[in-house]
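Now for the letters of each chain:
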Amino acid sequence: MKYRLLGKTGIKVSEIALGCEGFMKKSTAEIKEFVEKAHEEGINFIDFYSSNPDVRSAFGKAIKDKRDQWVIEGHLCTIWRNDQYLRTRKIDEVKEGFNDLLTRLQTDYIDIGMIHYIDAQSDFDEVFNGEIIKYALSLKKQGIIKYLGISSHNPNIAIKAVKTGLIDVILFSINPCYDMLPPSEDVDDLWNDENYEKPLINIDPVRQELYELCQSQEVAITVMKAFGGGDLLDEKLSPFKVKMTPLQCIHYALTRPGVVSVMAGSHTIAQMQEAAAYSKASLKEKDFANVLANVEKHSFFGNCVYCGHCAPCIKKISISDVNKFTDLCIAQGEVVETVKEHYASLKHHASECIACGNCMKNCPFAVDIITKMKKAVEIFGY
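Each value, and the rule that gives it
Residues numbered from 1 in each chain as written. Predicted model: local features only at pLDDT ≥ 70, side-chain atom pairs only at ≥ 80, totals over all residues. Heavy atoms only, no water. Helix = DSSP H or I, 4+ residues; strand = E, 2+ residues; numbered from the N terminus. Rg over C-alpha atoms; globule rule 2.2 N^0.38 Å. Buried < 20%, exposed > 50% of the residue type's maximum accessible area, 1.4 Å probe, protein only. Contact = heavy atoms within 4.5 Å. Areas by Shrake-Rupley, 256 points an atom, 1.4 Å probe, with all protein chains shown as cover. Lys, Arg positive; Asp, Glu negative; His and termini not counted. Charge placed at Lys NZ, Arg CZ, Asp CG, Glu CD. Core = buried A, V, L, I, M, F, W, Y, C linked by side-chain atoms within 4.5 Å. Pairing = 2+ DSSP bridges. Axes fitted to C-alpha atoms, helices over the stretch in contact; angles between N-to-C directions. Expected span 1.5 Å × (residues − 1). Salt bridge = Lys/Arg side-chain N within 4 Å of Asp/Glu carboxyl O. Phe/Tyr/Trp six-rings, centres within 6.5 Å; stacked < 30°, edge-to-face > 60°. Right-handed = clockwise from strand over helix to strand, strands pointing away. Parallel < 35°, antiparallel > 145°, perpendicular 65-115°, else oblique. Left-handed = near helix turned anticlockwise from the far one by under 90°. Nonpolar A, V, L, I, M, F, W, Y, C, P; charged D, E, K, R; others polar.

## Some words on the overall build of the chain
Then step 1. Within the chain, the secondary structure is distributed over 16 helices and 12 strands.
Then step 2. For the chain, whose C-alpha radius of gyration is 21 Å, the value lies close to the compact-globule estimate of 21 Å for 382 residues.
Then step 3. Projected onto the principal axes, the alpha-carbon positions of the chain cover approximately 60 × 40 × 40 Å.
Then step 4. By the burial criterion, 55% of the 382 residues in the chain qualify as buried.
Then step 5. For the chain, the share of sequence-separated contacts (at least 6 apart) that also reach a separation of at least 24 residues comes to 74%.
Then step 6. When the accessible surface of the chain is totalled, it reaches about 16,600 Å², and 49% of it is carbon and sulfur.
Then step 7. Side chains of the chain carry 45 positive and 52 negative charges; the gap between the two charge centres is 4 Å.

## Observations concerning the nonpolar core
Then step 1. Grouped together as the largest cluster of nonpolar side chains are 116 residues, with contacts concentrated most on Phe23, Phe98, Ile115 and Ile170.
Then step 2. If one sorts the elements of this core by residue count, helix α9 (residues 246–254) sits on top with six residues.
Then step 3. Setting aside residues up to four positions removed in sequence, Phe23 forms contacts with Leu18, Ile31, Phe34, Val35, Ile46, Phe48, Val55 and Phe59.
Then step 4. In this structure, Leu6, Met224, Val260 and Met263 belong to the second largest nonpolar core, which totals 14 residues.

## Some words on the sheet that holds strand β12 (residues 259–264)
Then step 1. Strand order in the closed barrel made by the eight strands is β3-β4-β5-β8-β9-β10-β11-β12, with parallel pairing throughout. With direction set aside, neighbouring strand axes in the sheet form an average angle of 30°.
Then step 2. Note: strand β9 (residues 145–152) against strand β10 (residues 169–173), four bridges, orientation parallel. Counterpart to Ser152 in the pairing with β10 is Phe172.
Then step 3. Lying over the sheet, helix α5 (residues 131–142) contacts β5 (71–76), β8 (110–115) and β9, oriented at roughly 145° with respect to β9.

## Remarks on helix α13 (residues 319–332)
Then step 1. With 14 residues, α13 should cover 20 Å at 1.5 Å per step; its first-to-last C-alpha distance of 20 Å lies within 8% of that length.
Then step 2. Taking burial as the measure, the 14 residues of α13 include 10 buried ones, the bulk of the element.
Then step 3. Here α13 has its buried residues at Ile319, Ser320, Val322, Asn323, Lys324, Phe325, Thr326, Asp327, Leu328 and Cys329.
Then step 4. Looking at the buried side of α13, the elements it contacts are α8 (205–217), α14 (337–344), α15 (358–362) and α16 (369–380).
Then step 5. Positive phi shows up at Gly333, right after α13, with a value of about 75°.

## Some thoughts on the pattern of salt bridges
Two side chains bearing opposite charge may form a pair once their charged atoms approach each other closely.
Then step 1. In this structure the tally under the stated criterion is 12 salt bridges.
Then step 2. Residue Asp100 is joined to Arg56 by a salt bridge in which the shortest nitrogen-to-oxygen separation is 2.8 Å. One end of the pair, Asp100, is in helix α3 (residues 91–105); the other, Arg56, is in helix α2 (residues 53–62), and 44 residues separate them in sequence.
Then step 3. Given the relative accessible area of 24%, Asp100 is considered partly exposed.
Then step 4. Each of the salt bridges in this network shares a partner with another, and the network as a whole consists of Arg56, Asp100 and Arg104.

## Focus: the packing of aromatic side chains
Then step 1. Taken as a whole and judged by the stated rule, the model has 13 aromatic pairs.
Then step 2. Aromatic pair Phe48 and Phe59: ring centres 5.2 Å apart, planes at 35°, arrangement tilted. Residue Phe48 is found in strand β4 (residues 45–48), and its partner Phe59 is found in helix α2; the two are separated by 11 residues along the sequence.
Then step 3. The buried category is assigned to Phe59, whose relative accessible area is 0%.
Then step 4. Chaining the aromatic ring pairs together yields one cluster made of Phe23, Phe34, Phe48, Phe59 and Trp70.

## Section: the pairing of β12
Each regular strand shows side chains that alternate between the opposite faces of the sheet.
Then step 1. Within β12, six of the six residues are buried, leaving the element largely enclosed by the surrounding structure.
Then step 2. Two strands pair when backbone bridges link them, and strand β11 (residues 220–224) and β12 are joined in this way by three bridges, in the parallel orientation. Looking across to β12, one finds that Thr222 is bridged to Ser261.
Then step 3. Of the crossover connections in this fold, the one passing from β11 over α9 to the parallel β12 is right-handed.

## Quick look at the packing of helix α6 (residues 155–163) against α8
Then step 1. In contact at an axis separation of 9 Å, α6 and α8 are set at 25° when each is read in the N-to-C sense. With respect to each other, α6 and α8 are oriented roughly parallel. Relative to α8, α6 is oriented so that their crossing is left-handed. On α8, the residues touching Pro155, Asn156, Ala158, Ile159, Val162 and Lys163 of α6 are Val206, Arg207, Glu209, Leu210, Leu213, Cys214 and Gln217.
Then step 2. Considered class by class, the residues forming the contact of α6 with α8 number eight nonpolar, two polar and three charged.

## Considerations on the packing of α2 against α3
Then step 1. The geometry of α2 relative to α3 is characterised by a closest axis approach of 7 Å and an angle of 40° between their N-to-C directions. The orientation of α2 relative to α3 falls into the category oblique. The residues of α3 that touch α2, namely those facing Pro53, Arg56, Ser57, Phe59 and Gly60, are Gly97, Asp100, Leu101, Arg104 and Leu105.
Then step 2. Residues of the contact of α2 with α3, tallied by class, amount to four nonpolar, three polar and three charged.

Remember that the coordinates give geometry; whether it matters functionally is a separate question.
If you want it as structure tokens, here you go:
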């Protein structure tokens, strides 16, 4: 398993993490086995949004005496009522739900306290101008939560959250289908087939702005819905009408700027192990480029998606990384210090490009890589 820094928190988390939905309807013993097997695979990170008391208690028992082995994204604003999960903005219920989480997980702290599910501007205003953000910040001041985050499906809202300067982590829905759609306050738009009927071209600029902003500000993105709720794994259900593999979906998400970890929605140990195998998979097994290059009606033409298909470079330049850092600076309108450092740490730089054109022959999206290398030299100086 490979590990990445969770943005500016300094915490190292596994590239493949757990979502908690796979624990539903499992016994305490089954959840314990699931958690143990995940840890054996090197997974040390989980997003725990569920307010289900049985699931919370079972996970708490599974990590008892092993709390320090797990990094937990624990959600505020989720409660359990009438045998179902609910989102709440009532401060008394928020406190009740969070205290229940601590009690049932048998812990006195949560690594990342996630304010749950903000998609609408009115909701954002209520959260960030009211009692909830005050409560979350007080928990952080006390050390009960170490860092603060939000979950969202709307890139406009996620961008606003980053720009408050209060947020360390964004849990966001990322896959190639969703990435082509414009922002919406209605999460149902992401899987509405009608929205994919008209041709869609390249990643929506607002989504790209979010990823690049998070990268430059060192706000970590953790990923939900990498498989589109499973739809992308079935050509009949996929909005693109092509089938992707779990490894391809994971690789797509992990190659976006700012992304640190994918919360793989595994419902069985076998599915979890399939996702964990990402770290040992070959580039051929993870390659999503040929799938996306042949999607009917929709196109990523001319746009670098950082897939790495351009490799190998005879000068050993990591072309996808150079393109990513160049795009970040163009988007920000300046050479961001952190991006400059990342570029400097590359073993080979754009100035070493000899314009042989081999990379352009390999690129499924007809990106003018030679021009992009020249732009990188112009921006970084070498």
